[in-house]
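# Coordinate analysis (summary)
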Amino acid sequence: MKVTAFVGSARKKHSYQSVENLLQKLSAMGDIHYEIVHLSDYPIGICTGCKQCLDKGEERCRLKDSRDELLEKIEQSDGVIFASPNYAFHVSGRMKLFIDRLAYIFHRPCFFGKTFTSIVAQGIFGGNKIVSYFNFIGKALGFKVVKGICINSLEPMTEKVIKKNEEKIVRLSKRYYAQLMKKQLPRPSLFDMFVFRMSRTSMKIKLNDDFKDFRYYREKGWFQTDYYYPVSLSPMKKLAGNLFDYLATKVS
Ligand SMILES: Cc1cc2nc3c(=O)[nH]c(=O)nc-3n(C[C@H](O)[C@H](O)[C@H](O)COP(=O)(O)O)c2cc1C
């Protein structure tokens, strides 16, 4: 198995070291090799907002940067970790540039079956909201999400803080490893069903073959399926799915 971590700090300090610690624990648990991608080593362009990637296709993007190289690293991995410092109560600018470059995938999720988690390093406050943000985007990109952690790094670090950070990383390594080994794809929650059925039904009504999203959904067969991937749904979720289709039809 391969796990790739993407680190959004220019320094090789707390985000980087926590990721390295987590990856070492994972590789001690099983046959896992890993790569740490220090985003500072890669040119990442600033999105100009032309929306070509969303409407026509990501191949139309005019930026010449490392997007495709970084994407290939995700595609070749079984698991992915995003790590960022807390800068002004959000991810670092470099991490955000990277996420913006992946934004079309929120429209056309593709990382089903791959395991995702996150680590946020912070001085004092605000990191848990960033972890929630990472949990959300991981899911929206299609990953199986293992809830991330926030590490405290205010210096000088006390023994107590170092111990607490270590315990968080140990617990995360166990959760992450268990998910990585799981073959079965997660069952969708009602909210997941809502997102899938509302978007696919409104897309089916409003868009056409001129739009990349429409072609992507059509090629995947998603205009007919219950969910992004085959999954057995309870009668209640089947009913809810039909209701969401109906709602999307009315709204559209
Ligand atoms: C520009 C800047 C903004 C920061 N903003 C916050 C913040 O809003 N909240 C916080 O708790 N820590 C903040 N910090 C502290 C960093 O999150 C902390 O030093 C973290 O360890 C940096 O990650 P790194 O060690 O991986 O570089 C900030 C640091 C910098 C340089």
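One can find the structure itself at the top, above this paragraph.
In this report, we go over the structure that sits alongside the text.

Cut-off values and rules
- Residues numbered from 1 in each chain as written.
- Predicted model: local features only at pLDDT ≥ 70, side-chain atom pairs only at ≥ 80, totals over all residues.
- Heavy atoms only, no water.
- Buried < 20%, exposed > 50% of the residue type's maximum accessible area, 1.4 Å probe, protein only.
- Helix = DSSP H or I, 4+ residues; strand = E, 2+ residues; numbered from the N terminus.
- Pairing = 2+ DSSP bridges.
- Expected span 1.5 Å × (residues − 1).
- Contact = heavy atoms within 4.5 Å.
- Core = buried A, V, L, I, M, F, W, Y, C linked by side-chain atoms within 4.5 Å.
- Right-handed = clockwise from strand over helix to strand, strands pointing away.
- Phe/Tyr/Trp six-rings, centres within 6.5 Å; stacked < 30°, edge-to-face > 60°.
- Near = heavy atom within 4 Å.
- Polar contact = N/O pair within 3.5 Å; in protein donor to acceptor, adjacent residues only side chain to side chain.
- Areas by Shrake-Rupley, 256 points an atom, 1.4 Å probe, with all protein chains shown as cover.
- Nonpolar A, V, L, I, M, F, W, Y, C, P; charged D, E, K, R; others polar.

## As for the pairing of strand β4 (residues 115–122)
Burial of β4 is extensive: 8 of the 8 residues sit out of reach of the surface. The side-chain alternation of β4 yields two buried faces, one formed by T115, T117, I119 and A121 and the other by F116, S118, V120 and Q122. The pairing of strand β3 (residues 79–85) with β4 spans 7 bridges and is parallel. The partner of G79 across the bridge, within β4, is T115. Of the strand pairs in this sheet, β4 and strand β5 (residues 144–145) are connected by 2 bridges, and their pairing is parallel. Considered in β5, the bridge of T115 is made with K144.

## Here we look at helix α1 (residues 14–29)
Between its first and last C-alpha atoms α1 spans 23 Å; for 16 residues at 1.5 Å apiece the expected length is 22 Å, and the two agree. Along α1, the residues classified as buried are H14, S15, Y16, S18, V19, N21, L22, L23 and L26. Here the buried face of α1 lies against β1 (2–7), β2 (33–38), β3, β4, β6 (149–152) and α7 (159–181).

## Some words on the nonpolar core
Core analysis: the largest hydrophobic core is formed by 28 residues, its most contacted members being F6, F82, F98 and F134. Sorting the residues of this core by element identifies α3 (67–75), β3, α4 (93–101), α5 (104–107), β4 and α6 (127–140) as the ones contributing at least two each. In contact with F82, not counting residues within four places along its chain, are F6, M95, F98, I99, L102, F116, T117, S118, I119, F134 and I137. Ranked by size, the runner-up nonpolar core spans 20 residues in total, among them V3, V7, A83 and L180.

## Details of the pairing of β2
Pairing of β1 with β2 involves 6 bridges; the strand directions are parallel. By the bridge assignment for β2, V7 is matched with H38. After leaving β1, the chain enters α1 and then returns to the sheet as β2, a path that is right-handed.

## Brief notes about the packing of aromatic side chains
Taken as a whole, this structure holds 24 aromatic pairs when the rule is applied. Judged by centre distance (5.1 Å) and plane angle (80 degrees), the rings of Y227 and Y229 are edge-to-face. The same class applies to Y227 and to Y229, which are both buried.

## Some details on the site of the ligand
Taken together, 16 residues lie around the ligand, and S9, R11, S15, I124 and S153 are the ones closest in. Side-chain polar atom of R11 to an oxygen atom of the ligand: 2.7 Å apart, as the coordinates give it. The side chain of S15 places a nitrogen or oxygen atom 2.5 Å from an oxygen atom of the ligand. In the complex, 70% of the free accessible area of the ligand, which totals 630 Å², lies under the protein chains. Put simply, the parts of the chain that give the shell around the ligand at least two residues each are α1 and β4. In terms of residue class, the shell around the ligand is built from 7 nonpolar, 7 polar and 2 charged.

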